[in-house]
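Residue strings, one per chain:
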Amino acid sequence: MAVLQRINNSNSQKLALKKYGLFAAYFAAGFALSFGKAVGDVTPFGISITAAAPKRYFSYAAAGALIGTITGGINPRSARYLAGISLALIGSLAAAAFELYHRPAFVMTVAFLADFASGFILCLNLEGTASDYVTVASEALLCCGGTYFFYRTINASYKRLRFRALPISDVGCVVISAGIVMMNLSSVCIGRVCPARIAAMLLILCAVRYSGDKRALILALSLGFSLSISSSGALFIVGALAFSALVALLFRGISAFSSGFAFLCAGSFFAAAADSELSLAFFIETLIATAVFVLIPQGVSDRLEQVFAFGENEAPDGSLRQNLVLKLRFASSAMAAISESVDAVRERINELARKKNDYDRQALTEEEYIRREIVLEKTNQIRMVASDQFFSISDMLEDLAFEFDEAEIFDTASAAKIRRLLGDYNIFPSNVSVIEDKFSRIRVEVLTDGDADSANSEKLTNEIGKILGRYFDMPRTANFKNETMIAYTERPNYRLTVGFAQHSAEGNLCGDTVKVLQDGRGHSILIISDGMGKGSRAALDGAMGAGLISKLISAGFGFDIALKVVNCALLVKSNDESLATLDIISIDLYTGKCEIFKAGAPASYIIKNNSITKCELTSMPAGILRGIEFAKRTAVIGCDDSVVLMSDGISDLGKDWVEGTLNSLRGLGVQETADAVLTRALGEYEGKKHDDMSIIFAKLERN
């Protein structure tokens, strides 16, 4: 109970601090927007913030605006603004009483009428000219516009999205609101030096360093415009800030000092070129802002980077990722429905064709009848395979949807840094993705249509690791037509040392195909595919099975879906019977978890803690029947444990022979062990007929 009480007290203190902090913020905003002059003698924005503030805070905004107006002295013009703020306060009370605050049109109307009414009465008392009345109307419209921007800024979804993930319209409103505040504060000077201009330059420099190019330039233009119209002779400021930000962006990739120095040089040029009494002050302000920026401590710098980048990786509702997942799943459902329709049509066509053949049997010879039956059966099989292909496509789309949905974070900021880094190595990618999964593992995927030889640079791999704060393995590349996918995977806890050996029983072509690959997600995958029979025919089936499944797995598809595609391909490959066994082990190099998949394959062996375990699963090879599935098993191995895959040419010698041979070869390296097992198997078959032989011996070691 005491612990719960302390937690409740702590939470209450945080809520109280937040509440009083907001009270102070609205008071300060009202004061800043009423103290000083915006454009000439026009200062309508105290009225704007009073009208735009929410129900709990408008009284504090009004109090700050009233005190800020009084600070400038009491005269007819300040009395006019005091009246306008009071009218806006009454309008805010009405909005709260009748729950109209959620309607921005009402809030804007309150601000317009408050400013216009107070200005109109002042013009009547002072017997103003027509020009004065036009000025009053224009100022009221300016007040109305300011209210809109303040309202949008206050009601943006900061809690859910943060600044970097805000819609561009909300970002624009935030920037314009900040510009209005700077414009009001620019009349406050210490000597000739304006703290507001220093703050604006520092903010622009931070945006250059920590935010995107577009945001920095938009901020520079907006703040530059606001500061340039606040006093006479200041129009050069808008060009100075925009150009200085552009030059600083060009040097951003080198260091904070180089970026700040470039900003100072560009600003100094404008200060020297401008024929204005503000030139010297502008140079001093630029020098101060640059010095503060360069001297920002590392801890503060890290915090600022989080503030500017916070939320950019959080996918809001309706984001591109969620939209893509939804569309992929919809397409998957559509393909499944098409497959069911094709299957139903196939069955109906087959039924009608068989009935017609039976009806015509009296007019046919026995040979013609059998020939028709064979053709109908083969045609029906092809239609069945077509239906299965639609189901396979449906499963592939569902797999892709699952993969996108599982990705927790798409780090776009780091992706942009890596894109710039790759340019230094003459790699110009069409797409760069930095993906962090639910296990906090990071992978980098780079798609390029150019030369990717320099991607294998160890220096490049280390620099990518520095950007992401992780260690990465050397990249894996996969070629797809004219494009190349380069995948950098976070360095796992283990590495797999692999040795393999093969022997062809007939000619130079072995009916077994061996594949060892990395999937780009921290898994090592071992594959043996054994085609039916021996020689070239078996080699073709084995190569087709292993080749197809390895390409599909490399492309990111699951094992079950890949097997369906391989099975369909073998079913339609030729009129003759065509089949291949598939023996696969996938090892997670982060955890040591092994997933074993078998389609008609012989037993595998796991050597764990010097104990040998046989893994035998009953299953059908690919290419015989529709709808075959992998037989599966999982196991966990640790450091110095091994796995052994072999084709039936070796496994047919029996469990006792295999285990005895493996036990006698302990202490040898992985390649030596594979070679020795094959040599001893050949010795056992000397003078006898035997099948093709293949063995993979893999050992898990600490990375």
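Description of the structure in this document. Since this is a predicted model, take the numbers as computed values, not measurements.

## Considering unusual backbone geometry
For Asn-426, which is not a glycine, the phi torsion comes out positive at approximately 60°. Along the chain, Asn-426 turns up in the loop between helix H17 (412-424) and strand E2 (431-436).

## Focus: the pairing of strand E9 (residues 580-588)
Burial analysis of E9 places nine of its nine residues in the buried class, the great majority of the element. Burial of the side chains of E9 extends over both faces: Ala-580, Leu-582, Ile-584, Ser-586 and Asp-588 are buried on one face and Thr-581, Asp-583, Ile-585 and Ile-587 on the other. Alignment of strand E8 (residues 523-531) against E9, held across nine bridges, turns out to be antiparallel. Of the residues in E9, the one forming a bridge with His-523 is Asp-588.

## Here we look at the sheet that holds strand E6 (residues 494-503)
In a beta sheet, neighbouring strands pair by backbone hydrogen bonds and run either parallel or antiparallel. The strand order across the open sheet formed by five strands is E6-E15-E14-E11-E12, and the pairing between neighbours is antiparallel. Two strands close off the open sheet at either side, each with one partner strand: E6 and strand E12 (611-615). Averaged over all pairs of adjacent strands, the angle between strand axes in this sheet comes to 15°, irrespective of strand direction. As defined by bridge partners, strand E14 (residues 642-646) adjoins strand E15 (residues 693-702) across five bridges and the pair is classed as antiparallel. The residue of E15 that forms the bridge with Val-644 is Phe-697. Where helix H22 (residues 655-664) meets the sheet, it contacts strand E11 (604-608), E12, E14 and E15, and its direction lies at approximately 35° from that of E11. Sheet strands touched by helix H23 (residues 670-684): E6 and E15. Its angle to E6, the strand with the most contacts, is close to 25°.

## What about the packing of helix H2 (residues 45-52) against helix H4 (residues 76-97)?
Look at H2 against H4: their axes get within 8 Å of each other, and the N-to-C directions meet at 10°. Taken together, the axis directions place H2 and H4 in an arrangement best described as roughly parallel. Across the interface between the two elements, Gly-46, Ile-47, Thr-50 and Ala-51 of H2 pack against Tyr-81, Gly-84, Ile-85, Ala-88, Leu-89 and Ser-92 of H4. Here the contact of H2 with H4 is built from residues that sort into six nonpolar, four polar and no charged.

So, how was this worked out
- Residues numbered from 1 in each chain as written.
- Predicted model: local features only at pLDDT ≥ 70, side-chain atom pairs only at ≥ 80, totals over all residues.
- Heavy atoms only, no water.
- Helix = DSSP H or I, 4+ residues; strand = E, 2+ residues; numbered from the N terminus.
- Buried < 20%, exposed > 50% of the residue type's maximum accessible area, 1.4 Å probe, protein only.
- Pairing = 2+ DSSP bridges.
- Axes fitted to C-alpha atoms, helices over the stretch in contact; angles between N-to-C directions.
- Contact = heavy atoms within 4.5 Å.
- Parallel < 35°, antiparallel > 145°, perpendicular 65-115°, else oblique.
- Nonpolar A, V, L, I, M, F, W, Y, C, P; charged D, E, K, R; others polar.

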